[in-house]
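Coordinate analysis (summary)
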Amino acid sequence: MARILLIRTSLEDKFNCNLTPPLGLMYIAAVLLQNKKHAVRIIDAKVCKVKDKVILENIKGFNPEFIGISSLTTEMEVLHNLTAEIRQHGYCNPIIVGGAHASACPEDIMNDPNIDFAVIGEGEKAFPDLINILENKTGKLEEIGGIAFKNKCGQIKITPGQNIQDLDQIPFPRWDLVELDKYTKGRSFIRLKHSKLHMALITSRGCSFECSFCHNIFGKKFRWRSPENVLSEIKILYHQHSIRYFEILDDCFNYNIGRMNEICDLIIREKMDITLTFPNGLRGDMLNDESINKLYQAGTRMISFAPESGSPDIQKSMGKNVNLLKLQQVISKAVKTGIHAHGFFIIGFTEEKQDDINKTLSFAVNSDLHTAAFYILNPFPGTRVYERLKKEGKINVLNFSRKNYCNFHKAFGELDLNSLVSFQRKCYFKFYISEKRFFNIFNGPIIKASDFLYYFLFFIKRAVFRTV
Ligand code: B12
Ligand code: SF4
């Protein structure tokens, strides 16, 4: 039995004010509490007012034998400052870091003298295995899949990862270990016209597409929970926590269309009055009229589509290979059916020419999308584009602290950063200054009148005032 404190770090930024629960830590806690009688606490710095004070007080009061921390790459500076502070306050037990940053940059984690281990990829098996070995002082670290540690000579060792094949074996996240109200009533990714208690779900892991700018935390093989298992989670949240609105955050929920249809059928059969949204995106060219109707009947009112580029050449070179013609038809069908359609676009791909970027703008403007976001490529560590640029000597620093899709380093393609920013401004302008779109957004299924003004001013601000 060990006392384990799990912490999610947070940036103080207004841009990403969506509040999703720390699902990764809630899953790990569920496994730790299922297999052994550990005592586990979760602190989410995203919902603490005086973050470091709350964390240090918890360390003093709870006296954990192990601390596990979850961070994104944007939070790397916050993470390193936090571990230094924890050590300065006399904490000597192991500190283990996991999550997106540890998975993408295990070396950065292991070069922090205050951190003992990194867990790369999924944590539900590796973390309990590690705790087991450290607690019982028997077993070999080399035998744990997907961790990084320093050997006796101080060299960093990384063990090959193993993904969990049967996701139904993983218990549901421990909602009781977080302040659930803060998430169910907090700011969701997508705010509905009629507010409802909401919760985020992950129903599959991994994605078999090879987009050059995308992460690889869960591997390239699509693994999924069975429709029955997903329905059970929805029913618990529905009946025990009064959740009526579910945000599905999978990387590619519809990779297995049969499974997607079955999940919808189960929800429809249960006659559950719920709303579903897919803020993280569905693979648009894999949908058809029938599946869109089914998604709608099951309660779907918002789908993000991610063409990224309107240029077939860039589709090929960045590895997404979306069928652009089919995608336009699917977007139109979704909008006609009564689903809010959002589009994600990226400009500044390494091979991109002015003509390609023009095609992106024209795809967006000519589409029926209600809303769209235009980002400038930010090659995060752990992505194929990052590895290539590093090899070519075009990225030589690893400082991604606070670097997100809107706060990027530099340009890597034909257009310089100033030109990209002014083109991005043009995209927002041309996309939103449209009577049809204005009418559609206002009358669409999700955006409230008050939010409409907020979004409108937000996009105008981006379109007019954005500078490098
Ligand atoms: C929800 C979400 C958000 C939310 C909440 C983020 C957060 N802090 O948790 C919001 C909207 C705020 C957000 C914002 C951004 N996000 Co985001 N987001 C996601 C998303 C879609 C789901 C996260 C999730 O819940 N996953 C499900 C759980 C089960 O997985 P998990 O958290 O990774 O946990 C597992 C493992 O990582 C590991 N693990 C995690 N923590 C720990 C800790 C320990 C101790 C151990 C042992 C293991 C472990 O075990 C867990 C279970 O297997 C992911 C994509 C994805 N598929 O994960 C992107 C993702 C995490 N986001 C990403 C990015 C790039 C961003 C932004 C920079 C985008 C932007 N707008 O510019 C911002 C940055 C925000 C910030 N302020 O720093 C990248 C991260 C890349 C990186 N190297 O960090 C991802 C991977 C998406 C991508 N396409 O690349 N995001
Ligand atoms: S961007 Fe989407 S489709 Fe491409 S690899 Fe990532 S999750 Fe898969």
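Keep in mind it's a predicted model, so treat the numbers as computed, not measured. (Residues numbered from 1 in each chain as written. Chains lettered and ligands numbered in written order. Predicted model: local features only at pLDDT ≥ 70, side-chain atom pairs only at ≥ 80, totals over all residues.)

**Here we look at the site of ligand 2**
Lining the immediate surroundings of ligand 2 are Cys207, Phe209, Cys211, Cys214, Asp251, Cys252, Arg283 and Lys320. For the shell around ligand 2, the residue count by class is five nonpolar, no polar and three charged. (Near = placed C-beta within 6 Å. Nonpolar A, V, L, I, M, F, W, Y, C, P; charged D, E, K, R; others polar.)

**As for the sheet that holds strand 14 (residues 340-347)**
Judged by pairing direction, the sheet is parallel, and its six strands sit side by side in the order 8-11-12-13-14-15 without closing on themselves. Each edge of the open sheet carries a strand with a single partner, namely strand 8 (198-201) and strand 15 (371-376). Neighbour to neighbour, the strand axes of the sheet diverge by 15 degrees on average, direction disregarded. (Pairing = 2+ DSSP bridges. Helix = DSSP H or I, 4+ residues; strand = E, 2+ residues; numbered from the N terminus. Axes fitted to C-alpha atoms, helices over the stretch in contact; angles between N-to-C directions.)

**Things to note about the sheet that holds strand 5 (residues 117-119)**
On the basis of which strands lie adjacent, the open sheet formed by seven strands has the order 2-1-3-4-5-6-7 and mixed pairing. Two strands close off the open sheet at either side, each with one partner strand: strand 2 (39-44) and strand 7 (156-158). Each adjacent strand pair in this sheet contributes to an overall mean axis angle of 20 degrees, direction not counted. Two elements, strand 1 (residues 3-8) and strand 2, share six bridges in a ladder whose sense is parallel. Among the inter-strand pairings, isoleucine 4 is bridged to a residue of strand 2, identified as valine 40.

**Remarks on the pairing of strand 12 (residues 275-282)**
Most of strand 12 is tucked away: six of the eight residues are buried. Note: strand 11 (residues 245-248) against strand 12, three bridges, orientation parallel. Note on strand 12: the bridge partner recorded for glutamate 247 is threonine 277. Since strand 11 and strand 12 lie parallel, the crossover through helix 9 (residues 257-269) that links them has a hand, and here it is right-handed. (Buried ≥ 20, exposed ≤ 12 C-beta atoms within 10 Å, placed from the backbone. Right-handed = clockwise from strand over helix to strand, strands pointing away.)

**Details of the packing of helix 10 (residues 289-297) against helix 12 (residues 324-337)**
Contact pair helix 10 / helix 12: the axes reach a minimum separation of 10 Å and the direction vectors enclose 35 degrees. Two packed elements cross with a definite hand, and for helix 10 against helix 12 that hand is right-handed. On helix 12, the residues that touch Asp289, Ile292, Asn293 and Tyr296 of helix 10 are Lys333, Ala334 and Thr337. Residue composition of the contact of helix 10 with helix 12, by class: three nonpolar, two polar and two charged. (Left-handed = near helix turned anticlockwise from the far one by under 90°. Contact = placed C-beta atoms within 7 Å.)

**Concerning the packing of helix 9 against helix 10**
The contact between helix 9 and helix 10 brings their axes to 9 Å, and the two run at 35 degrees. Crossing hand, helix 9 versus helix 10: left-handed. Counting all contacts with helix 9, which are made through Ile257, Met260, Asn261, Cys264 and Ile268, the residues of helix 10 involved are Ser291, Lys294, Leu295 and Gln297. For the contact of helix 9 with helix 10, a count of residues per class yields five nonpolar, three polar and one charged.

No statement about biological role is implied by the geometric values presented.
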